[in-house]
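Next come the chains, spelled out residue by residue.
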Amino acid sequence: MEELTSVSVSAWVAVSAWVAVSAWVAVSAWVAVLTVFCSIAIEVVKIQVGSFAMSSNIMKSSGKTALRPEEYTIACICPLAIESAPLEALLDRTHLQTFWTGYNSYTLGEIGPHNVVVATMPETGNYKVASVAANLMNDFKSIEFGLLIGIGGGLPSEDDDIRLGDIVIGLPENDDCAVVQFDRGKSYPGDQFERTGFLNNPPRVLLRAVHQLRVRHGHGSSAISMILEQMIKKFPLMMDNGYTYPGRARDVLFRPDYAHEPGPTCARCDESYIVKRDSRPDHHPRIHYGIIGSSNMVIKDGMLREELKRQLRLQCVDMEAAGVADLQFLTIRGISDYADSHKNKEWQPYAAAVAAAYARDLLSMLPPVPQQNESVSQARSHLAGHGGKEIPKIEMKAEKIFHQSTFSSSGPMYF
Ligand SMILES: [Zn+2]
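Residues numbered from 1 in each chain as written. Predicted model: local features only at pLDDT ≥ 70, side-chain atom pairs only at ≥ 80, totals over all residues.

The chain appears in an unreviewed UniProt entry as Nucleoside phosphorylase domain-containing protein from Penicillium hetheringtonii.

Put into C-alpha cells, the structure is as follows:
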C-alpha cells in the first residue's frame, strides 16, 4: 500500500512538474512573441508619426530613414497635391514620404546638395499658406530659404507673350515688389486700385541665383525640358496623369470681353473670338520674370485680368504668394490658365511640372547651406517683429556662402 502511495505521489509530482514547465514555456513564448510584436509596432509608429507629433521631438527616433530636422535648409511649399507630385518625383532621394505633424504634411528628401522639406496644404489661400510656412519653420529651424512652387493664371499682353505651360518667376521690377497683394488695396470707381502696403522681396541670394540661371537660359541651355523628360522616364505613369505637354492646339486665348459658354471645356466657345498669336518654333517653356499678383479670390474674369495688367503690370496671379512674401520665399508659377472664364484644369499638371522643374534647376545651382547652430526662423521672426530691419544680416551670411562656391568661372556646379 505504501509502495502504491509512493508511486502515486511520484506520478503526481511528475505530472505537476510537466504541466508547470509546459505552462512556463508557453507563457514565455507568448511574452517573447508579444514583446517582439510590440517592439516592431513601436518602431513603426515612431518612424511614421510618433516622433513628428511635436516639433521639439521631430525625428528623434527615426534616424534610420530621415536626417535630423536641423539638417533641412530649404522649404518648398506646393499648395496642391497636383503641384507637389512632380517636385517629389524630381527629388534625387526621398528620406521620408508624406507624413503629418497634425497641422502640416511633409515629404523630406534632397535635391543636389540640399536637404529639402516639401510641404502641401489642406486648403489654398494666403492666410493658409502663411500658417503652413510658420509651422514649417518652427518644425525645421534651419530653413534658410523657401520656394513657393505651383500653378498660376497668366496675364498675357502684346509685350508679354505668356502662354500656357510657361513659367513666371516673381521678381521685383523697377521700384515694385515681386509680389503685390491686390485684394488689400482700396477700390475706387472705375476699378482703380490703390495699394496700401508693400511686401518684402525674395532674399538676395535667391535673386542672384535666378539671375545666374537666367543668363544660362539666355545661352539656350535650359535644362527644364530635359528634367521633365527624365521625370517621365522615371515615373511613366505620370504621363497618364497629364504631366506631359498637352499640345499647342490646346492653348487657346480668347478676347478678354468674350465670356465662356457653359460647359467643362471650350468646345462650345466661338473660335472667332480667339486671339491670333504667332506660333513658336518649339514647345519648350519660356520663362518670364516680373510681378505676381496675389489675392484670396480665384480670378476668372478676362476684363479684370486686363485691368490688373494695365494698372499693376502683373505677369501672373495666384492665391498664395502674398502669404509667404515676407518669409524669404521666391514664387515660381507654371501658367495653367489665363485667369478668365475659360479657365479649366487641363493644363494644371503640366504647368505644375514645369514649375517643379525650374525649382530643381535653381536648387541645383545653389551650394549647400550649412545647418544652423541657432534658429534662423526664430531670429527671422524676432527681426520681422522689429520691422525686418536686420534681415539683411541673414542674407549676407547666405550670400557669402553662395559667392564662395557657386559663381565660379566654371559655371554651375550641380547640374
Ligand atoms: Zn471657353
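### Notes on the overall build of the chain
Rules: Strands here mean DSSP runs of E at least two residues long; helices mean DSSP runs of H or I at least four residues long; both are numbered from the N terminus. We call a residue exposed when 12 or fewer other C-beta atoms sit within 10 Å of its C-beta, buried when the count reaches 20 or more, and partly exposed for counts in between; the C-beta positions come from the backbone. For the purpose of contact definition, each residue receives a C-beta atom placed from its backbone, and two residues are in contact when these atoms lie within 7 Å.
Within the chain, the regular secondary structure consists of eleven helices and twelve strands. Per-residue burial for the chain yields a buried fraction of 38% across its 415 residues. Once local pairs closer than 6 in sequence are excluded, the contacts in the chain between residues at least 24 apart make up 74%.

### Considering the nonpolar core
What counts, and what does not: Residues of type Ala, Val, Leu, Ile, Met, Phe, Trp, Tyr and Cys that are buried and joined through C-beta atoms within 7 Å form what is called a nonpolar core.
In terms of nonpolar packing, the biggest core is built from 87 residues, with Cys76, Val117, Ala355 and Ala359 touching the most fellow members. For this core, the leading source of residues is helix H9 (residues 348–365), giving 13 residues. In this structure Ala355 touches Ile149, Gly150, Ile151, Ile167, Ile332, Arg333 and Gly334, once residues within four positions along its chain are discounted.

### Section: the environment of Glu110
Structurally, the position occupied by Glu110 is in strand E3 (residues 105–111). Between the C-alpha atoms of Glu110 and Leu90, which are 20 residues apart in sequence, the distance is 9.3 Å. Residues within four places of Glu110 in sequence aside, it is in contact with Leu91, Asp92, Arg93, Asn115 and Val116.

### Focus: the pairing of strand E4 (residues 114–120)
Basically, it comes down to this: Should DSSP find at least two bridges between two strands, the strands are taken to pair.
Judged by how many residues are buried, E4 sits mostly within the fold: seven of seven residues are covered. Alternating positions in E4 separate into two faces, His114, Val116, Val118 and Thr120 on one and Asn115, Val117 and Ala119 on the other, with burial throughout. Note that E3 and E4 share seven bridges and pair antiparallel. Residue pairing in the sheet places Tyr106 in a bridge with Ala119 of E4. Here E3 folds back onto E4 in antiparallel fashion, the turn holding two residues, of which Gly112 has a positive phi close to 55 degrees.

### Things to note about the packing of helix H4 (residues 204–218) against H9
Under the convention used in this document: Axes, fitted as lines to C-alpha atoms, cover a helix only where it is in contact. Angles between the N-to-C directions of the axes lie from 0 to 180 degrees. Angle categories are assigned with fixed cut-offs, so that under 35 degrees is roughly parallel, over 145 is roughly antiparallel, 65 to 115 is roughly perpendicular, and the rest are oblique. Charged residues are taken to be Asp, Glu, Lys and Arg, nonpolar residues to be Ala, Val, Leu, Ile, Met, Phe, Trp, Tyr, Cys and Pro, and polar residues to be all remaining types, Gly included.
Relative to each other, H4 and H9 sit at 105 degrees, their axes nearing to 10 Å. For the element pair H4 / H9, the angle class is roughly perpendicular. For the pair formed by H4 and H9, the contact residues are Ala209, Val210, Gln212 and Leu213 on the first element and Asp361, Leu362 and Met365 on the second. A class-by-class count of the residues in the contact of H4 with H9 yields five nonpolar, one polar and one charged.

### A short note on unusual backbone geometry
Unusually for a residue other than glycine, Arg313 sits at a positive phi of about 55 degrees. Within the secondary structure, Arg313 is located in the loop between helix H7 (302–312) and strand E11 (314–318). Not every positive phi belongs to a glycine, and Gln328 is a case in point at roughly 65 degrees. Structurally, the position occupied by Gln328 is in the loop between helix H8 (321–324) and strand E12 (329–337).

### Some thoughts on H9
To keep it simple, the criterion reads: An expected span of 1.5 Å times one less than the residue number is assigned to each helix.
Compared with an ideal rise of 1.5 Å per residue, which puts 18 residues at 26 Å, H9 spans 26 Å between its outermost C-alpha atoms and is within 8% of the ideal. Most of H9 is tucked away: 18 of the 18 residues are buried.

### Considerations on helix H5 (residues 224–234)
Filter applied, for reference: The arc in question is traced by the directions running from the helix axis to the C-beta atoms.
Residues of H5 that are buried: Ile224, Ile227, Leu228 and Met231. All buried residues of H5 project into a common sector of 100 degrees when viewed along the axis, lining one side. In H5, the exposed residues that point more than 90 degrees away from the buried face are Glu229 and Lys233. The inward-facing, buried residues of H5 abut helix H2 (81–89), helix H6 (237–240) and H9.

### Concerning the packing of H5 against H9
Here is the rule: Handedness of a crossing is defined here by the sense of rotation of the near helix relative to the far one, left-handed for an anticlockwise turn of less than a right angle and right-handed for a clockwise turn.
Two elements in contact, H5 and H9, have axes whose closest approach is 9 Å; the angle formed by their N-to-C orientations is 110 degrees. Considering their axes alone, H5 and H9 lie roughly perpendicular with respect to each other. Of the two possible hands of crossing, H5 and H9 adopt the one that is right-handed. In contact with Ile224, Ile227, Leu228 and Met231 of H5, H9 contributes Ala353, Val354, Ala357, Tyr358, Arg360 and Asp361. Residue classes in the contact of H5 with H9 are distributed as eight nonpolar, no polar and two charged.

### Description of the confidence of the model for the chain
Selection rule: pLDDT is a per-residue confidence score from the predictor, ranging from 0 to 100.
On average, residues of the chain score 80 in pLDDT, and 73% of them reach the 70 mark or higher. Confidence, read as mean pLDDT per element, is least for helix H11 (residues 391–405) in the chain (34) and greatest for E12 (98). Per-residue pLDDT stays below 50 along residues 42–57; that stretch engages in 23 contacts with residues further than four places along the chain or on separate chains.

### Observations regarding the pairing of E12
Counted residue by residue, E12 has nine buried out of nine residues, so it is predominantly covered. Two elements, strand E5 (residues 145–154) and E12, share eight bridges in a ladder whose sense is parallel. Pairing of Gly150 across the sheet is with Arg333, part of E12. Alignment of strand E6 (residues 167–170) against E12, held across three bridges, turns out to be antiparallel. Looking across to E12, one finds that Ile167 is bridged to Gly334.

### So, the environment of Ala355
Within the secondary structure layout, Ala355 lies in helix H9. Given 31 C-beta atoms within 10 Å, Ala355 falls into the buried group.

### Points about the environment of Asn200
In this structure, Asn200 sits in the loop between strand E9 (192–194) and H4. Taking the C-alpha atoms as reference, Asn200 lies 5.8 Å from Ala325; in sequence the two are 125 residues apart.

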